[in-house]
Amino acid sequence: MGFLVAPVGCLLAATPGLLIGRVQPVLPLLAIGPLMAATFLGARRTFLVCCWTVLLALAAGLGESESTHVTAGFAVRWAGLLLGCACSVYAAWQRGRLRERLAEAREVARITQEAILRPVSRTLSGTHVSTRYHCASRESSVGGDLYDVAVTPYGLRVLVGDARGHGLDALRTAADTVTAFRELAYTAPDLTTIARALDARLSPRLAPEDFVTAVLVEFGPGEVRLVNCGHPAPLRSGRRLELLEPRVPALPLGLHPEPRQYRVRLQPGDRLLLYTDGLTESRAPDGTPFALLTESATALGEPTPDAALHALYERLLAHAGGPPTDDLALVLCQPTGVTAPVRVQAT
C-alpha cells in the first residue's frame, strides 16, 4: 500500500503539465514523489519511484511547444529533478543501513540484558528456583528491577531488588547491583556483610535521590535467612500464607542502611515468593489494587513452581487488563524433596 502513495503523488503533481503541456513549472513539484518514497520505502523501491517520476516529466513535456529548444532554465529544472531523485535514492539507502545497524544494536543489547538477568527454571543446591521478568519499556527487555541467584559455599543465595527511576540510569544501577552481588555472594560470610558491601559500592555511583531496594535470601536446612533493605516483604506460601516482614526495617541500598538478618523456618511444601513493587502496586482500570494475598493463595497452589508463577502472572494481567505498566521481577523458590503445597486461603 505504501509503495503506491509516492507514484500517485507524482501523478497528481504532473497532472497540470499533462493537461496544459507545460512541464517546466511542474518539474519542482515532481520531486515530491521521490522525497515521499525515501521516507518510508527502501532504496530499490525509491529508485523505481524516481524512474516513474522521470517518465511522468517526459510525458508532461511531450506537447510543450518549446520542447525542441533547451533553455538554461529548462536545463536547471531538469538537473534539479534528477539531483533530487539521486538524493532520494541515497537517503533511502542510508536509512536502510541505519535501520540494519539499529537492529543489530538492539540484538546486542538484548543478549547483554539477558546476561544481566538470566532466566532461571532449575534446581540449585536443593532448591528449585523459577523466575519471571517483565520490562515496562518497549525499548528494552530489562529495566530497573533485578534479581540474581548464586550457589555458594554458604548455600543458595538470592537477590531481588528495584533501582529507583526508569530508563538507562535505572538499568545501569541494576547492572551495577547484580555485578557487585555476583562478586560478593561467594566470599562474604553472611548476608549483612553483602548488604553493607553493596551499599558501599553503589553509594558513590548514585545521585543523592537515588537508591536500590533489595532483599537478600540464603537457604539453609529447614530455614531461610533474610536481609531486607527497604524492599517489599517476601511471601511464604504453604500451610500458611504470610508476609515475612523484618522486625527492624532498614533503609534501601545507597542510603547507608543498618541491615539485620532474620531467620524463618520452612516447613515441607513451603514456597518463598520474592517480588518487586510492580506486583503490589499494579492497579485495575478502576484503580483497585492487586490483592496480593488473595491472588497468591490460589496461584501459588499450582503443582510446580513454573506453573505457579505463570498462574500468578496471568492473574496479574487479568486484574490490570493488560501488561503491567511498571517493571516486574518474580522469583519463586521451593526446597526440593517435599510434597506439593496445600492450597490455602488468604489470612
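I will try to describe carefully the structure that is included in this document. These numbers come from a predicted model, not from an experiment.

This brings us to the packing of helix H9 (residues 292-299) against helix H10 (residues 305-320). Viewed as axis vectors pointing N to C, H9 and H10 meet at an angle of 140 degrees, and their least axial separation amounts to 9 Å. Comparing their axes, H10 and H9 come out oblique. The two elements H9 and H10 meet at a crossing, and its hand is right-handed. Seen from H9, the contacting residues are Glu295, Ser296, Thr298 and Ala299; seen from H10, they are Ala308, Ala311, Leu312 and Arg315. Of the residues in the contact of H9 with H10, the class split is four nonpolar, two polar and two charged.

The next thing to look at is H10. An ideal rise of 1.5 Å per residue puts 22 Å on 16 residues; H10 measures up with 23 Å between its terminal C-alpha atoms. Where H10 is concerned, the buried positions are Pro305, Ala308, Leu309, Ala311, Leu312, Tyr313, Leu316, His319 and Ala320. Check the buried side of H10 and you find it contacts strand S2 (127-134), strand S10 (271-275), helix H8 (277-280), H9 and strand S11 (328-335).

This part is about the sheet that holds strand S3 (residues 145-152). If you trace the five strands from one edge of the open sheet to the other, you get S3-S4-S5-S6-S9, paired in antiparallel fashion. Bordering the open sheet on either side are S3 and strand S9 (261-265), each of which pairs with just one other strand. Averaged over all adjacent pairs, the angle separating strand axes in this sheet is 20 degrees, with direction ignored. Pairing of strand S4 (residues 155-163) with strand S5 (residues 212-220), which is carried by seven bridges, proceeds in the antiparallel orientation. In the sheet register, Ala163 faces S5, and the bridge partner there is Val212. This element, helix H7 (residues 191-202), spans S4, S5, strand S6 (223-229) and S9 of the sheet and lies at about 155 degrees to S5.

Bringing the side chain of Ser237 into the picture now. Among the structural elements, Ser237 can be located in strand S7 (residues 235-237). The buried category is assigned to Ser237, whose relative accessible area is 3%. Apart from the residues lying within four places of it in its own chain, the contact partners of Ser237 are Gly269, Asp270, Arg271 and Leu300.

Across all of its chains, the model carries twelve salt bridges by this definition. Between Arg225 and Glu218 there is a salt bridge, and its shortest N-O distance comes to 2.6 Å. Judged on exposure class, the residue Arg225 and its partner Glu218 are both buried. One connected set of salt bridges, linked through shared partners, spans Arg157, Glu218, Glu223, Arg225 and Arg263.

Here six strands make up an open sheet; going across it, the order is S1-S2-S11-S10-S7-S8 and the pairing antiparallel. At either end of the open sheet lies a strand with only one pairing partner, and these are strand S1 (121-124) and strand S8 (241-243). Strand-to-strand twist in this sheet, taken as the mean axis angle between neighbours without regard to direction, amounts to 20 degrees. Judged from the four bridges that link them, S1 and S2 form a sheet pairing that is antiparallel.

Attention now moves to the side chain of Arg157. With respect to the helices and strands, the residue Arg157 is situated in strand S4. Residue classification places Arg157 among the buried residues on the basis of a relative accessible area of 0%. At 3.4 Å, the side chain of Arg157 and the backbone oxygen of Pro189 are in polar contact.

Attention now goes to the pairing of S4. As a general feature of sheets, a regular strand has side chains that alternate between the two faces. With nine of nine residues buried, S4 lies mostly within the body of the structure. As paired strands, S3 and S4 are joined by eight bridges and run antiparallel to one another. The residue of S4 that forms the bridge with Val149 is Val158. Counting the residues in the hairpin turn of S3 and S4 gives two residues.

Here is what the cut-offs are and how they apply
Residues numbered from 1 in each chain as written. Predicted model: local features only at pLDDT ≥ 70, side-chain atom pairs only at ≥ 80, totals over all residues. Heavy atoms only, no water. Axes fitted to C-alpha atoms, helices over the stretch in contact; angles between N-to-C directions. Helix = DSSP H or I, 4+ residues; strand = E, 2+ residues; numbered from the N terminus. Parallel < 35°, antiparallel > 145°, perpendicular 65-115°, else oblique. Left-handed = near helix turned anticlockwise from the far one by under 90°. Contact = heavy atoms within 4.5 Å. Nonpolar A, V, L, I, M, F, W, Y, C, P; charged D, E, K, R; others polar. Expected span 1.5 Å × (residues − 1). Buried < 20%, exposed > 50% of the residue type's maximum accessible area, 1.4 Å probe, protein only. Pairing = 2+ DSSP bridges. Salt bridge = Lys/Arg side-chain N within 4 Å of Asp/Glu carboxyl O. Polar contact = N/O pair within 3.5 Å; in protein donor to acceptor, adjacent residues only side chain to side chain.

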